[in-house]
Amino acid sequence: MQNAIINITNLRLRTFIGFNPEEREKKQDVVLNIEIHYPADTACVSGDEVEHALNYKVVTKAVIGIVETGHFLLLEKLVADILSECHRHPTVTYAKVRVDKPHALRFADSVSLTLDWKN
């Protein structure tokens, strides 16, 4: 089996994230890193037919919709919702999502949370 790994790297979006009053009123930057595995046997030998591959644009557009329209108190909920979208596609065998919240702590570049899922 040929296992394909799609990496979506440093997808920068804005959302409502946090439970402090100012965080609930103003969108903040978040940075997403997503890893998705799926079997690519058919896509690799199929004569270059798109329908045999996982369409990462479809996944990314759905993720953007979740993030940009959502209101989240916890990073855990945001990451879990993104992860659910990634493994909603039937061919996905593994997915890992990391979300960074830049400037969440005064002396840190960011705070991040990672969750993964395996079929």
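Calculation criteria
Residues numbered from 1 in each chain as written. Predicted model: local features only at pLDDT ≥ 70, side-chain atom pairs only at ≥ 80, totals over all residues. Heavy atoms only, no water. UniProt positions renumbered as here; feature names shortened; annotations may be inferred. Helix = DSSP H or I, 4+ residues; strand = E, 2+ residues; numbered from the N terminus. Contact = heavy atoms within 4.5 Å. Core = buried A, V, L, I, M, F, W, Y, C linked by side-chain atoms within 4.5 Å. Buried < 20%, exposed > 50% of the residue type's maximum accessible area, 1.4 Å probe, protein only. Expected span 1.5 Å × (residues − 1). Arc of directions from axis to C-beta. Polar contact = N/O pair within 3.5 Å; in protein donor to acceptor, adjacent residues only side chain to side chain.

As recorded by an unreviewed UniProt entry, the protein carries the name Dihydroneopterin triphosphate 2'-epimerase and is attributed to Pseudoalteromonas citrea. Annotation of the protein in UniProt includes, under Sequence similarities (unreviewed entry), the sentence "Belongs to the DHNA family." Quoted straight from UniProt, the Catalytic activity (unreviewed entry) entry for the protein says "7,8-dihydroneopterin 3'-triphosphate = 7,8-dihydromonapterin 3'-triphosphate".

Q: Break down the environment of V97 for me, with residues and values.
A: Counting through the fold element by element, V97 comes out in strand β4 (residues 94-102). Taking the C-alpha atoms as reference points, V97 and I82, 15 residues apart in sequence, are found 7.2 Å from one another. When residues no more than four places from it in sequence are discounted, the contact partners of V97 are N33, I34, V79, I82, L83, C86, L113, T114 and L115.

Q: Any chance you could break down the environment of N33 for me, citing the residues and the numbers?
A: In this fold, N33 is placed in strand β2 (residues 28-39). Note: C-alpha distance between N33 and V97 (64 residues apart in sequence) is 5.8 Å.

Q: Could you give an account of the nonpolar core, naming the residues involved and the relevant values?
A: Judged by nonpolar contacts, the single largest core of 28 residues is most densely connected at L32, I34, L78, I82 and V99. Secondary structure elements with two or more residues in this core: β1 (3-17), β2, α3 (56-69), α4 (75-86) and β4. If near-sequence neighbours (up to four positions away) are discounted, L78 is found in contact with T15, I17, V30, V67, F72 and V99.

Q: Give me α3: which residues, what numbers.
A: Along an α-helix, residues three or four apart share an orientation, since each turn contains 3.6 residues. A rise of 1.5 Å per residue sets the reference length of α3, with its 14 residues, at 20 Å; its end C-alpha atoms lie 20 Å apart and thus fit the reference within 8%. Looking only at α3, the buried set comprises V59, T60, V63 and V67. Looking down the long axis of α3, one finds its buried residues gathered within 95 degrees of arc, a one-sided arrangement. More than 90 degrees from the buried face of α3, the exposed residues found are K57, K61 and T69. Of the surrounding secondary structure, the elements contacted by the buried residues of α3 are β1, β2, β3 (71-72) and α4. For α3, the capping residue at the N-terminal end is N55, with a side-chain oxygen 3.0 Å from the backbone nitrogen of K57.

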